[in-house]
Amino acid sequence: MVFIHKKIINIQGRVWKFGDDVNSGAILPNPYLGLNDVKKLAEHCMEGVGNDFSSKVRSKDIIVAGENFGCGSSREKAVLAILGCKVSCVIAKSFARIFFRNAINNGLPIFEIPILVDNVKQGNVVKIDLFNGFAKIEGNESVYSFETYPEIIQSIINKGGLIPFVSAKLLIKKGKENKNGK
Amino acid sequence: MGMTATEKIIVKHCGKNSISVGEIIEVTYDMIYSHDNAAPLAISQFKKLPCNHIKDASKVSFFFDHCTPNKDIDTAEHCRVIKEFAENQGIESLYEGGRAGIQHMMIPELGMVTPGDLIMGNDSHTPTLGAIGALAMGFGSTDIAAAWATGKTWLRVPKTIKLLFEGIPRKWVSGKDLILFALRTIGINGAAYMVVEFAGSTIAALSMNQRFTMCNMAVEMGAKSAIMPVDSVAQDYLSSRVTKNYTITNSDNDADFAEEIKFKVDQLEPQIAFPHLPSNVKPVSKASHIRIDQCFIGSCSNAWLDDLRIAAKVLKGHTIHPKVRMIVIPGTPQIYLKALNEGLIKVFCAAGAVIGPPTCGPCGGNHFGILGKGERAIATINRNYPGRMGHPESEIYLANPSVVSASAVLGRIASPEELM
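Parameters at a glance
Residues numbered from 1 in each chain as written. Chains lettered and ligands numbered in written order. Predicted model: local features only at pLDDT ≥ 70, side-chain atom pairs only at ≥ 80, totals over all residues. Heavy atoms only, no water. Helix = DSSP H or I, 4+ residues; strand = E, 2+ residues; numbered from the N terminus. Buried < 20%, exposed > 50% of the residue type's maximum accessible area, 1.4 Å probe, protein only. Contact = heavy atoms within 4.5 Å. Buried area = accessible area lost by both parts, 1.4 Å probe. Salt bridge = Lys/Arg side-chain N within 4 Å of Asp/Glu carboxyl O. Polar contact = N/O pair within 3.5 Å; in protein donor to acceptor, adjacent residues only side chain to side chain. Pairing = 2+ DSSP bridges. Axes fitted to C-alpha atoms, helices over the stretch in contact; angles between N-to-C directions. Parallel < 35°, antiparallel > 145°, perpendicular 65-115°, else oblique. Phe/Tyr/Trp six-rings, centres within 6.5 Å; stacked < 30°, edge-to-face > 60°. Core = buried A, V, L, I, M, F, W, Y, C linked by side-chain atoms within 4.5 Å.

## Points about the overall build of chain B
Reasoning step 1: Along the backbone of chain B there are 13 helices and 18 strands.
Reasoning step 2: Taking the principal axes of the C-alpha coordinates as reference, chain B spans close to 60 × 50 × 40 Å.
Reasoning step 3: Out of the 420 residues belonging to chain B, those deemed buried represent 64%.
Reasoning step 4: A sequence separation of at least 24 residues applies to 75% of the contacts in chain B between residues at least 6 apart.

## Looking at the environment of Met228 of chain B
Residue and element names in this part refer to chain B.
Reasoning step 1: Topologically, Met228 is positioned in the loop between strand S10 (225–227) and helix H9 (232–239).
Reasoning step 2: A relative accessible area of 2% places Met228 in the buried class.
Reasoning step 3: Measuring from C-alpha to C-alpha, the distance between Met228 and Gly133 comes to 5.6 Å, with 95 residues separating the pair along the chain.

## What about the interface of chain B and chain A?
Reasoning step 1: Taken together, the contacts link 40 residues of chain B with 37 residues of chain A.
Reasoning step 2: Taking both partners together, chain B and chain A bury about 3,200 Å²; carbon and sulfur atoms supply 57% of that area.
Reasoning step 3: Together, Pro50, Trp154 and Tyr193 of chain B form the three largest contributors to the area buried by chain B at its contact with chain A, with a combined 21%.
Reasoning step 4: Counting the contacts that link chain B with chain A gives two salt bridges.
Reasoning step 5: Salt-bridge contacts for Asp143 of chain B lead to Arg101 of chain A; the nearest nitrogen and oxygen are separated by 2.8 Å.
Reasoning step 6: Scanning the region where chain B abuts chain A turns up twelve residue pairs in polar contact (both at pLDDT 80 or more).
Reasoning step 7: For the side of chain B that touches chain A, the secondary-structure elements that each account for two or more residues are strand S1 (24–28), helix H2 (39–46), helix H3 (73–89), strand S6 (135–138), helix H5 (141–150) and strand S7 (152–156) of chain B.
Reasoning step 8: Counting residues per element, the side of chain B that touches chain A draws most heavily on H5 of chain B, at six residues.

## Here we look at the sheet that holds strand S11 (residues 259–264) of chain B
Residues and elements named next belong to chain B.
Reasoning step 1: Taken in spatial order, the four strands of this open sheet run S10-S9-S8-S11, and their pairing is parallel. Sheet topology places S10 and S11 at the edges, where each strand pairs with a single neighbour. Here the average twist between neighbouring strands, direction ignored, is 20°.
Reasoning step 2: Judged from the six bridges that link them, strand S8 (residues 160–166) and S11 form a sheet pairing that is parallel. When the bridges of S11 are listed, Glu166 appears paired with Lys264.

## Things to note about the packing of helix H8 (residues 208–218) of chain B against H9 of chain B
How two helices pack is summed up by the angle between their axes together with the distance between the axes.
Residues and elements named next belong to chain B.
Reasoning step 1: Look at H8 against H9: their axes get within 10 Å of each other, and the N-to-C directions meet at 105°. By the angle between their directions, the pair H8 and H9 is classed as roughly perpendicular. The segment H8 lies against H9, with Met208, Arg211 and Phe212 engaging Val233, Ala234 and Tyr237.

## Things to note about the side chain of Ser279 of chain B
Residues and elements named next belong to chain B.
Reasoning step 1: With respect to the helices and strands, Ser279 occurs in the loop between strand S12 (271–273) and strand S13 (281–283).
Reasoning step 2: The exposure class assigned to Ser279 is buried, which follows from its relative accessible area of 16%.
Reasoning step 3: Dropping the residues within four chain positions of it, Ser279 is found in contact with Leu183, Arg184, Gly187 and Ile188.

## Topic: the packing of aromatic side chains
Residue and element names in this part refer to chain B.
Reasoning step 1: Under the counting rule described, the total for this entry stands at 19 aromatic pairs over all chains.
Reasoning step 2: Centre to centre, the rings of Tyr33 and Phe63 are 6.0 Å apart; their planes meet at 90°, and the pair counts as edge-to-face. Within this pair, whereas Tyr33 is found in strand S2 (residues 31–35), its partner Phe63 is found in strand S3 (residues 60–63), the two being separated by 30 residues in sequence. Like Tyr33, the residue Phe63 is buried in the burial classification.

## Looking at the nonpolar core
Residue and element names in this part refer to chain B.
Reasoning step 1: Grouped together as the largest cluster of nonpolar side chains are 106 residues, with contacts concentrated most on Leu163, Phe165, Val196, Phe198, Ile272, Phe348 and Ile378.
Reasoning step 2: Of all the elements, helix H6 (residues 175–186) adds the most residues to this core, at seven residues.
Reasoning step 3: Ranked by size, the runner-up nonpolar core spans 87 residues in total, among them Ile19, Ile91, Trp154 and Val195.

## Some words on the pairing of strand S17 (residues 376–379) of chain B
For a regular strand, the rule is simple: side chains alternate between the two faces of the sheet.
Reasoning step 1: Where strand S14 (residues 294–297) of chain B meets S17 of chain B, three bridges bridge the pair, whose relative direction is parallel. Residue pairing across strands places Phe296 of chain B opposite Ala379 of chain B, the latter belonging to S17 of chain B.

## Comments concerning unusual backbone geometry
All names here are of chain B.
Reasoning step 1: Note that the residue after Thr68, namely Pro69, is joined by a cis bond; omega there is -5°.
Reasoning step 2: You can see Pro69 is positioned in the loop between S3 and H3.
Reasoning step 3: At the junction of Pro275 and His276, the peptide bond is cis and its omega measures out at -5° in the coordinates.
Reasoning step 4: The phi torsion at Trp172 lies on the positive side, around 75°, for a residue other than glycine.
Reasoning step 5: Tracing the sequence through the fold places Trp172 in the loop between S8 and H6.
Reasoning step 6: Taking relative accessible area as the criterion, Trp172 reaches 7% and is therefore assigned buried.

Interpretation note: all reported values are geometric properties and have no functional meaning in isolation.
Set out below in structure tokens:
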């Protein structure tokens, strides 16, 4: 097993392709940082890149990007905006550090598959088999494998995000304390 | 084999005797801080957890600096929510109104950080504090909420990349120019997930203000954090601000660095980052034809007293070009007061600049000087991605404060050499 997710075994979606260094401010620009509703954030997703993503994105679409996706500011709402669009996952050559953590923490599946990024085109359909750890571009024979995440990251993903992960740990701890108290 | 400063600090905070690069460990922290923009999400995430109280409220601080004094109703609501939460949790360390300043500057100024500390901040420029020899890292709001509840977070032990600076910089060349030059070489992702450690005779001769500037902008290389050796300059800075004991945790001479890159700085000119990447850096002589509409001195990168002093030195006796707006924002109330006492604010006003209260201001495109379509700014901030300071079709050039001042007078990007 490569990528355990509580609810997801397979991902399939239509690709939106972006370049290198897509910064978090392009994903969710400054004027919208005051919004709290995920649906409203979604209306402005990728607006800083200057295309029609937010008006044309469909549920289960996949964002594909180059190096350093999500660089710049730590704004977690960039991840929430992507989730609000019901994007099924993000595949990039590499992720910026804080964006990576924010994605895992909010249950947004992310994958680093550089060779797939090089070979995929806008509009292609990509399928990911999480259980066996590979991705394919529809109509293309090649199989692109990807690395397992370290155990703690797998655990956070498996629980659906950091809040459910930490909640479970806190409840276990509370249960033990109650037991000892008796 | 010896340890890097980063490894020593992680060992201190993880309860293990030794660690290896790439290993994932859990660490405790000495301080965790957030601000008006990011804290509301951290608070709403915290409220989803099955615990009522933050594990250690004495380690928590809030700084209202991004969109304050409240720029609109949303911000006012954010601040109200944070204050209610702070009161509920017994958090006293909260700075707003006339006590507020830019978070990454307030913390060292108030003696809240010491060498060897491990610090979590809810902002990407938290590594600024590395100039004090602390390991300070930025996190998103959910990581902050979880750390409030558990007193810990997980980390992958990073590699350290050493940037060695040798030589004596020319006049008008400062820490800002050194880090911009390094960005040009290393690129926007060149230090990804690593800690950048600065060393060398050039660094040793820098003031603390300029060291903070360099650690601040190391983030733009993709770094996890940045750190500097604690020497007599740093200890001197700490002596008037910190009362508690601390242990210096500088890197051992035989520590294992992933890479070492040397920079000779003697011949450098002031550097300019052109739109739209902080690594798109050229010497100022390549920029002198570029007309500008707005000049900004401020932000957690360069709102220190040293920055205001040098800006005022260049500006004194001149007036700002009639087609240029200049905005100056001292980083903290203490800096503002010192600038007043030294006559710097008078110089800025007499020249025709706008002075703002201590806040991030226009840096993140929030308030106090947003750019319109096609406008161009030269600023002492740390990022120049499209739309950073306003309209997506505006442009930002990054520079040191003396260059920004000279540019304000001449109406185009200029070295202070042209004025003096």
